[in-house]
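# Geometric and topological summary
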Amino acid sequence: MSESSNCAAVREQFALLLYGELSFDEEERVESHLDGCAECRQALEHQKALHDAIDGVAVTPSPALLNRCREDLSALLDREHPESGIVSGMREWWRQLWLPAVGGWKVRVLRPAGALALLAMGFLAAKATPGLNIFGVNQGGAYQAMGLGDFGGAQVRNVSAQPDGSVRIVLDETRQRMISGNLDDRQVRVLLLSAAKDAADPGLRAQTVSILTGDADAEDIRQALVFALANDRSTDVRLKAMEGLKRFAGEPVVQSALARVLLSDENTGVRTQAIDVLSARPGQDLDRQTVGALQEMMDREDDAYVREQCERMLRSIKASSGIY
Amino acid sequence: MGPLASKRAVPDEGTEVDEAELIRAAQAGDRAAFEELVRAYDKSVLRLAMNLLRSPEDARDVYQETFLRVYRNLQQFRFDCSFHTWLYRIATNLCLDQLRKRKVRREEPTVLTTPDGTLDRMDSVPEERVDGDPLRHLYSGQIRKRVKETLAQLTPREKMVFELRHYEGLRLKRIGEVLGTSEEAAKNCLFRATQKMRTALGEFV
């Protein structure tokens, strides 16, 4: 095969490479070609940029739409079984279901925190690209500088929660191996924290962040969640990170991250959740930066609900609703 | 007061319920257990439908029909696949039906012509806001428009596989299970979809 046709064949594999969906042999071929072809390495960067651009059109259903769906379903279920003894309580129940991302799910598959982890480690390194929000700012302190040095430049390919509460991690490195441990295990922890930050696949980052939210009492994990909230390009990842941080909305670092979300996040759903997390504890102390952000929001926020909540919060602390 | 103001009873933290237990309870007629299952998955079903169909009304219909079918057929669920796979199989089939119907009708799902001009129904959905550098906004707006156009031109199956892999983060093996096809077929589908995206968006990135 000529060099140019070889390049073309390799480039056709880039999308599947970034999704982590190539076989071992296919990855080997691409990786060995990339080692010696600067043009293809540049083309791979191009493909990563394309992935980021595609991330930008993801739609997050508004809380209002989700609520309407739930109310409609509730009515449908009432009609299905009108004799049900719990029907009378359904309306109230559905109202209370609002926004599970804030409320937290009880299903175990989504909360494997603190459980035994099983790690299936894969092969090959260096295919991940940081899923960073190019419009955001970097937060998260030391976490930002963290990497997978202890794992020989390996990259986390996939993570999944297991039915028994354990965590399974697929890791790309130079050979395949499997290790097991729990979230207190340093290796497991480093891998998860790294995957949340560096994995190219937004789905993998979202799943990792979901797992980490179960142990948000730990400072390093909170730092990772703050980083994801401030920097991840994926709306889903940012929402999941915020879910993990909601119990810590009184902490200055978290408050600051939420304030920044209000001012700079482009997604209305994320801003809506941020203001809900901030306003969930009436009477809590707000730092000056947060108060300033709320006042600024009164001028620039397009969404009526977010603006209304900002105003309510400012009223509750007897602050003016404008910037003077 | 906004619609969110009436809600928010935060569920008990740390109370973990095994999914299989919930399913069995729901199969035995426990409505609360069924509602818990809905709550665990409905946001992702709605997001999937919304991203695939790009129409809040159609996404709402798919949401209702999906969970109604789950409710009516839960007795037939035998744990031979995960509940998530089973649920997504129902939701994706309904979405595919919608997409195929549109293809037959040559429907333009998101754009309406009104006396005031053209209106994109997705404008009612939370969108990016104007902020910061206007040139950057214009540029990202152009990319977004092109991505939407290209997604609309994919075949229903390509669109479905792309959505499930890129936005939902499902592995191809799982996508094959959900769509009732092989991993290899899903992979080919994803390959075609990404090639089309690359061709259409090459000049922007």
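Residues numbered from 1 in each chain as written. Chains lettered and ligands numbered in written order. Predicted model: local features only at pLDDT ≥ 70, side-chain atom pairs only at ≥ 80, totals over all residues. Heavy atoms only, no water.

This part covers the side chain of Ser55 of chain B. Mapped onto the secondary structure, Ser55 of chain B falls in the loop between helix H2 (31-53) and helix H3 (56-73). Polar contacts involving the side chain of Ser55 of chain B include one to the main-chain amide nitrogen of Asp58 of chain B, which spans 3.1 Å. (Helix = DSSP H or I, 4+ residues; strand = E, 2+ residues; numbered from the N terminus. Polar contact = N/O pair within 3.5 Å; in protein donor to acceptor, adjacent residues only side chain to side chain.)

Bringing the pattern of salt bridges into the picture now. All names here are of chain B. Tallied over the full model, the rule gives 27 salt bridges over all chains. Here Arg192 ties to Glu158 by a salt bridge, and the two come within 3.0 Å at their closest N and O atoms. With Arg192 in helix H8 (residues 183-201) and Glu158 in helix H6 (residues 156-167), the pair connects residues that are 34 residues apart, well separated along the chain. Looking at Arg192, the relative accessible area reads 40%, which means it is partly exposed. (Salt bridge = Lys/Arg side-chain N within 4 Å of Asp/Glu carboxyl O. Buried < 20%, exposed > 50% of the residue type's maximum accessible area, 1.4 Å probe, protein only.)

A few words now on the confidence of the model for chain A. Model confidence for chain A is summarised by a mean pLDDT of 73, while 70% of its residues fall at 70 or above. Segment residues 83-138 of chain A: pLDDT under 50, and 230 contacts once partners within four positions in sequence are set aside and those in other chains are kept. (pLDDT = per-residue confidence, 0-100. Contact = heavy atoms within 4.5 Å.)

Next up on the list: the side chain of Arg54 of chain B. All names here are of chain B. Tracing the backbone through its elements, the reader meets Arg54 in the loop between H2 and H3. It is Glu163 that comes nearest to the buried, bridge-free Arg54 among opposite-charge side chains, at 5.4 Å. One polar contact links the side chain of Arg54 to the main-chain carbonyl oxygen of Asn51, over a distance of 3.1 Å. (Lys, Arg positive; Asp, Glu negative; His and termini not counted.)

Moving on, we come to helix H15 (residues 304-316) of chain A. Residues and elements named next belong to chain A. With 13 residues, H15 extends 18 Å from end C-alpha to end C-alpha; this agrees with the ideal 18 Å at 1.5 Å per step. Along H15, the residues that are buried comprise Tyr305, Val306, Gln309, Cys310, Met313 and Leu314. Each element contacted by the buried residues of H15 is listed here: helix H12 (252-264), helix H13 (268-279) and helix H14 (288-300). The residue sitting at the N-terminus of H15 and contributing the capping side-chain oxygen is Asp303; that oxygen lies 3.0 Å from the backbone nitrogen of Tyr305. Lys318 lies just past H15 and shows a positive phi near 60°. (Expected span 1.5 Å × (residues − 1).)

Residues and elements named next belong to chain A. Note on placement: Tyr305 falls in helix H15. With a relative accessible area of 7%, Tyr305 lands in the buried category. Residues Tyr305 and Ile275, spaced 30 residues apart in sequence, show a C-alpha to C-alpha distance of 9.4 Å.

Another aspect to go through is the packing of H2 of chain B against H6 of chain B. Residue and element names in this part refer to chain B. Their axes nearest at 10 Å, the elements H2 and H6 cross at an angle of 135°. Here H2 lies oblique to H6, going by the angle between them. With respect to the hand of their crossing, H2 and H6 are arranged in right-handed fashion. Here Leu48, Asn51 and Leu52 of H2 lie close against H6, whose contacting residues are Lys159, Met160, Glu163 and Leu164. Looking at side-chain class alone, the contact of H2 with H6 contains 4 nonpolar, 1 polar and 2 charged residues. (Axes fitted to C-alpha atoms, helices over the stretch in contact; angles between N-to-C directions. Parallel < 35°, antiparallel > 145°, perpendicular 65-115°, else oblique. Left-handed = near helix turned anticlockwise from the far one by under 90°. Nonpolar A, V, L, I, M, F, W, Y, C, P; charged D, E, K, R; others polar.)

Residue and element names in this part refer to chain B. Mean pLDDT over chain B stands at 77; residues scoring 70 or higher make up 72%. Segment residues 1-16 is flagged for pLDDT under 50; beyond a separation of four residues in sequence, or across chains, it makes 38 contacts in the model. For residues 106-132, every residue scores under 50 in pLDDT, and the model assigns this stretch 60 contacts once sequence neighbours within four places are set aside. Both scores are available for the predicted complex, with the pTM at 0.51 and the ipTM at 0.72.

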